[in-house]
Amino acid sequence: MEKKSRKQAIEELSLMLIYLTRFQDNNEYCRYLENSWKGYDFEILNELEQKKLLLQPRKSKCVYLSEEGKEAAKNLLTEYNIADKDILEKFEFRNIEQTEAEQTAAIEQICFPPNEACSEQNMIERVAAAQDLFLVAVDKRTGKIAGFLNGIATDEYRFRDGFFTDAGLHNPEGKNIMLLGLDVLPEYRKQGLGRELVYQYLRREREKCRHEVILTCLPSKVKMYKKFGFMDRGIADSIWGGEEWHEMSCRLGW
């Protein structure tokens, strides 16, 4: 590896750390841009900003990676032998195919306990009614689904348990999305796949001019979804599976 100056090494390490610790927030500065806390040397941050690798709004505690910045960070990680191939190289993200309904139902049974999992029949009906609201991540090596995110569209603003079982509630022109499940097989966890599914889903539905994405989650998952840009509305009306749930929402537009 080519010998680098101390300043260059610090700059590169800072960019890699910003990339590795990035998360997504929903705030007044940059919706859907990945960011990291501004806990780095100000001179280095200014240098990276001048190179258009990141943005640092003056009133924000975060810095925001540009597409050029993310690409540069990934190249550095490869150069330093720190990271594996990028997640987009490992997985294909696309709509579900009708023939994959049973496969996703089987994944659901693995990812959720019996009292929470969607039944195979309900999953088949959901895929038939709202195919374009399924986002699947397919392992390019095996061709199998590694994880997926699914929902239905509606003009309603509060989550109710009927959305889980009645695919007929789907309104293709609905302003809001009720997320019904984020599933990642155990062998694919802790790779950032769940986060990537959520981010791609939010970007996609924003481009369709949806207003809000709403979900329910157990208390243990609230912190995770906050990192994804969702706000906690408190205890949900849902009693699905006999559990107590939090309702969370992410606004896509006004």
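For the structure itself, consult the block above.
Analysis parameters
- Residues numbered from 1 in each chain as written.
- Predicted model: local features only at pLDDT ≥ 70, side-chain atom pairs only at ≥ 80, totals over all residues.
- Heavy atoms only, no water.
- Helix = DSSP H or I, 4+ residues; strand = E, 2+ residues; numbered from the N terminus.
- Rg over C-alpha atoms; globule rule 2.2 N^0.38 Å.
- Buried < 20%, exposed > 50% of the residue type's maximum accessible area, 1.4 Å probe, protein only.
- Contact = heavy atoms within 4.5 Å.
- Areas by Shrake-Rupley, 256 points an atom, 1.4 Å probe, with all protein chains shown as cover.
- Lys, Arg positive; Asp, Glu negative; His and termini not counted.
- Charge placed at Lys NZ, Arg CZ, Asp CG, Glu CD.
- Disulfide = S-S within 2.5 Å.
- Salt bridge = Lys/Arg side-chain N within 4 Å of Asp/Glu carboxyl O.
- Phe/Tyr/Trp six-rings, centres within 6.5 Å; stacked < 30°, edge-to-face > 60°.
- Lys NZ or Arg CZ within 6 Å of the ring centre and 35° of its normal.
- Polar contact = N/O pair within 3.5 Å; in protein donor to acceptor, adjacent residues only side chain to side chain.
- Axes fitted to C-alpha atoms, helices over the stretch in contact; angles between N-to-C directions.
- Parallel < 35°, antiparallel > 145°, perpendicular 65-115°, else oblique.
- Left-handed = near helix turned anticlockwise from the far one by under 90°.
- Nonpolar A, V, L, I, M, F, W, Y, C, P; charged D, E, K, R; others polar.
- Arc of directions from axis to C-beta.

Peer 1: Can you tell me about the overall build of the protein, naming the residues and giving the values?
Peer 2: Within the protein one finds nine helices and eleven strands. Taken over the C-alpha trace, the protein has a radius of gyration of 20 Å; the compact-globule value for 254 residues is 18 Å, and the two agree within 12%. Dimensions of the protein along its principal axes, counting C-alpha atoms only, are 60 × 40 × 30 Å. Counting over 254 residues, the protein shows a buried share of 49%. Within the protein, contacts between residues separated by at least 24 positions form 64% of all contacts whose residues are at least 6 apart in sequence. Carbon and sulfur atoms provide 52% of the accessible area of the protein, an area that totals close to 13200 Å². A gap of 6 Å separates the mean positions of the 38 positive and 43 negative side-chain charges of the protein.

Peer 1: Pulling in residues and values, what's your account of the state of the cysteines?
Peer 2: Applying the stated criterion to the full structure yields zero disulfides. Here C111 is not disulfide-linked; the sulfur of C118 is the nearest cysteine sulfur, at 12 Å.

Peer 1: Give a description of the pattern of salt bridges that names residues and reports values.
Peer 2: This structure, assessed with the given rule, holds 16 salt bridges. For the salt bridge of R160 with E156, the shortest nitrogen-to-oxygen distance reads 2.8 Å. Classification of R160 as partly exposed rests on a relative accessible area of 36%. Judged by relative accessible area, E156 falls into the partly exposed class, the value being 29%. One salt-bridge network, in which partners are shared between bridges, spans D132, R204, E205, K208 and R210.

Peer 1: Describe the packing of aromatic side chains, and please don't skip the residues or the numbers.
Peer 2: For the coordinates displayed, the defined rule picks out eight aromatic pairs. Consider the rings of F91 and Y188, whose centres lie 5.7 Å apart with planes at 70 degrees: the pair is edge-to-face. Taken together, the residues span a long stretch of sequence, with F91 in strand β5 (residues 91-95) and Y188 in the loop between β8 (176-184) and α8 (193-207) at a distance of 97 residues. Across the pair, exposure class does not vary: F91 and Y188 are buried alike. Following the ring pairs from residue to residue traces out a cluster consisting of F159, F163, F164 and W240. Here the basic side chain of R160 rests over the ring of F163, its NZ or CZ set 5.1 Å away from the ring centre.

Peer 1: Please provide a residue-by-residue account of the side chain of H246, values included.
Peer 2: Residue placement: H246 occurs in strand β11 (residues 246-251). Residue H246 is classed as buried on the basis of its relative accessible area, which comes to 15%. Within the structure, H246 has its side chain in polar contact with the side chain of D232 (distance 3.1 Å).

Peer 1: Tell me what's going on with the packing of helix α5 (residues 101-111) against helix α6 (residues 120-129), and back it up with residues and numbers.
Peer 2: In contact at an axis separation of 9 Å, α5 and α6 are set at 135 degrees when each is read in the N-to-C sense. Classified by the angle between their axes, α5 and α6 sit oblique to one another. By crossing handedness, the relation of α5 to α6 is classed as right-handed. Residues A101, E102, T104, A105 and E108 of α5 lie in contact with α6, whose contacting residues are E120, M123, I124 and V127. Broken down by class, the residue content of the contact of α5 with α6 amounts to five nonpolar, one polar and three charged.

Peer 1: I'd love a proper account of helix α2 (residues 42-50), names of residues and values included.
Peer 2: Among all positions of α2, only I44, L45 and L48 are buried. In a view along the axis of α2, the buried residues occupy a sector of 100 degrees, so they form one face of it. In α2, the exposed residues that point more than 90 degrees away from the buried face are F42 and Q50. Buried residues belonging to α2 abut α1 (6-20), β3 (54-55) and β4 (62-65). With a side-chain oxygen lying 2.9 Å from the backbone nitrogen of E43, the N-terminal cap of α2 falls on D41.

Peer 1: Pulling in residues and values, what's your account of the packing of α1 against α2?
Peer 2: One can describe the packing of α1 onto α2 by two numbers: an axis separation of 10 Å at closest approach and a directional angle of 80 degrees. As judged from the angle between their axes, α1 and α2 are roughly perpendicular. Between α1 and α2, the contacting residues are K7, I10, E11, S14, L15 and I18 on the first element and E43, I44, L45, E47 and L48 on the second. Residue composition of the contact of α1 with α2, grouped by class: six nonpolar, one polar and four charged.

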